[in-house]
Amino acid sequence: MNVGRPVEEVVREGFRRVLGDVSLKVLEYHFDKLLGMDPAEALFREPKAFYETLNKFFKAGTDILLETVLKTIFLDIYRVNINVKDVLLAIKSGEVNKVHNLLLGSEKLVKL
């Protein structure tokens, strides 16, 4: 259990586990150039822009990649069973508050 880990750190870890260190560095570089922030920060601050930027690189594979990363975050790191399709839909539609609630709510469950 990763009690006390900031959400952005957990998101980075999820991407690292799925993509590997080198691919994550490349993705972070491109996010910084396009959005001025890394993927974890973009997910939390601007989820729709996060999704659109990921989609530029992964095209039809974006949803599969994100589902895999979200499963890694919620099931492997937080150890919380959540419907990742709900999280994915909130990200795609840019529902900042819902994304915050899902990520922060799961973090709080871990701390209980």
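Refer to the structure presented above.
Residues numbered from 1 in each chain as written. Predicted model: local features only at pLDDT ≥ 70, side-chain atom pairs only at ≥ 80, totals over all residues. Heavy atoms only, no water.

Some thoughts on the packing of aromatic side chains
Step number 1: Enumeration over the complete set of coordinates arrives at 3 aromatic pairs.
Step number 2: Note on Phe15 and Phe50: the rings are 6.1 Å apart at their centroids and 75° apart in plane angle, and the pair reads as edge-to-face. Pair noted here: Phe15 is in helix α1 (residues 7–19) and Phe50 is in helix α4 (residues 47–58), with a separation of 35 residues, a long-range link. Phe50 shares its class with Phe15; the two are buried.
Step number 3: With a centroid separation of 5.8 Å and an interplanar angle of 45°, the aromatic rings of Phe31 and Phe50 are classed as tilted. Of this pair, Phe31 sits in helix α2 (residues 21–35) while Phe50 sits in helix α4, and the two are 19 residues apart along the sequence. (Phe/Tyr/Trp six-rings, centres within 6.5 Å; stacked < 30°, edge-to-face > 60°. Helix = DSSP H or I, 4+ residues; strand = E, 2+ residues; numbered from the N terminus. Buried < 20%, exposed > 50% of the residue type's maximum accessible area, 1.4 Å probe, protein only.)

Details of the environment of Gly105
Step number 1: Residue position: Gly105 is located in helix α7 (residues 96–111).
Step number 2: Between the C-alpha atoms of Gly105 and His30, which are 75 residues apart in sequence, the distance is 29 Å.

Side note on a nonpolar patch on the surface
Step number 1: Taken together, the side chains of Leu34, Phe57 and Phe58 present a nonpolar region at the surface, about 250 Å² in accessible area.
Step number 2: In this fold, Leu34 is placed in helix α2. (Patch = residues over 30% accessible without salt bridge, like charges linked within 9 Å, V, L, I, M, F, W, Y side chains within 5 Å. Areas by Shrake-Rupley, 256 points an atom, 1.4 Å probe, with all protein chains shown as cover. Salt bridge = Lys/Arg side-chain N within 4 Å of Asp/Glu carboxyl O.)

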